[in-house]
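Structural description and commentary
Residue strings, one per chain:
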Amino acid sequence: MKEKISGLSIKLITSVLLLSVLLCAAISYMGYREFTTVLEDEYNRSAYEIAETAKSYLDPDRLEHYLETGEIDAAYLEIQDRLDALVVSTNSYLIYVTRLSNDYTTSTYIFDAVHPDSGFTRYALGYTAQDMDPAYQDEVEQIMTTGERSADNINSNTQASGAHTTAAIPVADSSGKIVALLGVEKAMTALENARRTYVWNVMGITVLAVALFLLAYIGFLRREVVSPILTIAGEARRFAEDNVA
């Protein structure tokens, strides 16, 4: 009988611990998703503010001229310098202005500002690359055809860039024709650090909670709660067996 009671005690404590861990995991997951969403939205909003600032530096009516002639004049250099300063001051990876092909797969670069610590190399005026991510091609097409920003956040996590958000806005000339796409890629460093810290904190709290529960069980719960319950259960079992006999 003592072995049965001991087995019941083990099952009871295991069930309580498992339920506690599962409940903690569920609450932690919901919190993880919630603060991730909030931080991603904040980063994306910041990236769009940077994009609008960068757009104000441009002379849209001369973008086609720069591509057609390859001319780098004083005005071009001034814009490039201002974009370079902006990418550093806002801690962005990239700020670029490109003309897209008709199928939105190929970019021809007009301006390309690169953060010196990003590890990327600046693309020269007129550089062409088939670098459109197929996952975002439809969104870019909508941006370029409607003149409106994407309704969804464009977030990525790559080996080269880590977690980052992208803001993409159309650039129109004085006649209203959309002539280029301006993009900003901003690292979400604080998000990565916050998520890592959150996970470690949750794991630490869970381990601490389990340890406290075991101490409470050994010092109080087993004597004042579990033992009386098991005693009652044992007496009920004996009573049932005696009656059957």
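Turning our attention to the overall build of the chain. On a plain count of helices and strands, the chain comes out with five helices and six strands. When its helices and strands are written in sequence order, the chain yields α-α-α-β-β-β-α-β-β-β-α. Counting all 245 residues of the chain, 37% fall into the buried class. Put simply, 64% of the contacts in the chain that link residues at least 6 apart link residues at least 24 apart. When the accessible surface of the chain is totalled, it reaches about 14600 Å², and 58% of it is carbon and sulfur.

A word on the nonpolar core. Counting 28 residues, the largest nonpolar core has Ile95, Ile110, Phe111 and Leu182 as its most contacted members. Contributions of two or more residues to this core are made by α1 (2-57), α2 (63-69), α3 (74-89), β1 (92-100), β2 (107-114), β5 (162-172) and β6 (178-187). Ranked by residues supplied to this core, first place goes to α1 with six residues. Residues contacting Ile95, with those up to four places away along its chain left out, are Ile50, Ala54, Leu83, Leu86, Val87, Phe111, Asp112, Ala113, Leu182, Gly183 and Val184. Listed in part, the eight residues of the second largest apolar core include Leu100, Met132, Val140 and Leu181.

At Asn91, a residue that is not glycine, the phi angle is positive and equals roughly 55 degrees. In this structure, Asn91 sits in the loop between α3 and β1. One non-glycine residue with positive phi stands out, namely Tyr104, at about 60 degrees.

Attention shifts here to the pairing of β6. For β6, the buried fraction is high: nine of the 10 residues fall into the buried class. With six bridges joining them, β1 and β6 adopt antiparallel strand pairing. Across the sheet, residue Val97 finds its bridge partner in β6, namely Leu182.

Before going further, it helps to examine α3. Look at α3: 23 Å from first C-alpha to last across 16 residues, which is about the 22 Å you get at 1.5 Å a residue. Here α3 has its buried residues at Tyr76, Ile79, Gln80, Leu83, Asp84, Leu86 and Val87. With its buried residues spanning 165 degrees around the axis, α3 presents them on a single face. Opposite the packed face of α3, turned more than 90 degrees from it, sit the exposed residues Ala74, Asp81 and Ser89. Its side-chain oxygen placed 3.3 Å from the backbone nitrogen of Ala75, Asp73 serves as the N-cap of α3. Just past α3, the residue Asn91 takes up positive phi, approximately 55 degrees.

Moving on, we get to the side chain of Thr106. Among the structural elements, Thr106 can be located in the loop between β1 and β2. Ignoring any residue separated from it by four or fewer positions in sequence, one finds Thr106 in contact with Arg99, Leu100, Ser101, Thr128, Ala129 and Gln130.

Scanning all chains against the criterion turns up four salt bridges. Its salt-bridge partner being Glu49, residue Arg45 comes within 2.3 Å of it at the nearest N-O pair. Taken together, the positions of Arg45 and Glu49, both in helix α1 and four residues apart, correspond to about one turn of that helix. On the basis of relative accessibility, which here comes to 38%, the residue Arg45 falls in the partly exposed class. Classification of Glu49 as partly exposed rests on a relative accessible area of 43%. Notably, a salt bridge pairs Asp73 with Arg62, separated by 2.9 Å at the nearest N-O pair. Of this pair, Asp73 sits in the loop between α2 and α3 while Arg62 sits in the loop between α1 and α2, and the two are 11 residues apart along the sequence. Classification of Asp73 by relative accessible area gives buried; the value is 17%.

One pass over the structure, following the stated rule, counts eight aromatic pairs. Measuring from centroid to centroid gives 6.2 Å for Tyr93 and Phe120, while their planes differ by 85 degrees, and the two rings are edge-to-face. Of the two residues, Tyr93 is situated in strand β1 and Phe120 in the loop between β2 and β3 (128-129); the sequence distance between them amounts to 27 residues. Judged by relative accessible area, which is 17%, Tyr93 ranks as buried. Measuring from ring centre to ring centre gives 4.7 Å for Tyr109 and Tyr123, while their planes differ by 65 degrees; the resulting arrangement is edge-to-face. Residue Tyr109 is found in strand β2, and its partner Tyr123 is found in the loop between β2 and β3; the two are separated by 14 residues along the sequence. On the accessibility criterion, Tyr109 (8% relative accessible area) is buried. Ring-pair connections join several aromatic residues into one group, and the members of that group are Tyr96, Tyr109, Tyr123 and Tyr127.

About the thresholds
- Residues numbered from 1 in each chain as written.
- Predicted model: local features only at pLDDT ≥ 70, side-chain atom pairs only at ≥ 80, totals over all residues.
- Heavy atoms only, no water.
- Helix = DSSP H or I, 4+ residues; strand = E, 2+ residues; numbered from the N terminus.
- Buried < 20%, exposed > 50% of the residue type's maximum accessible area, 1.4 Å probe, protein only.
- Contact = heavy atoms within 4.5 Å.
- Areas by Shrake-Rupley, 256 points an atom, 1.4 Å probe, with all protein chains shown as cover.
- Core = buried A, V, L, I, M, F, W, Y, C linked by side-chain atoms within 4.5 Å.
- Pairing = 2+ DSSP bridges.
- Expected span 1.5 Å × (residues − 1).
- Arc of directions from axis to C-beta.
- Polar contact = N/O pair within 3.5 Å; in protein donor to acceptor, adjacent residues only side chain to side chain.
- Salt bridge = Lys/Arg side-chain N within 4 Å of Asp/Glu carboxyl O.
- Phe/Tyr/Trp six-rings, centres within 6.5 Å; stacked < 30°, edge-to-face > 60°.

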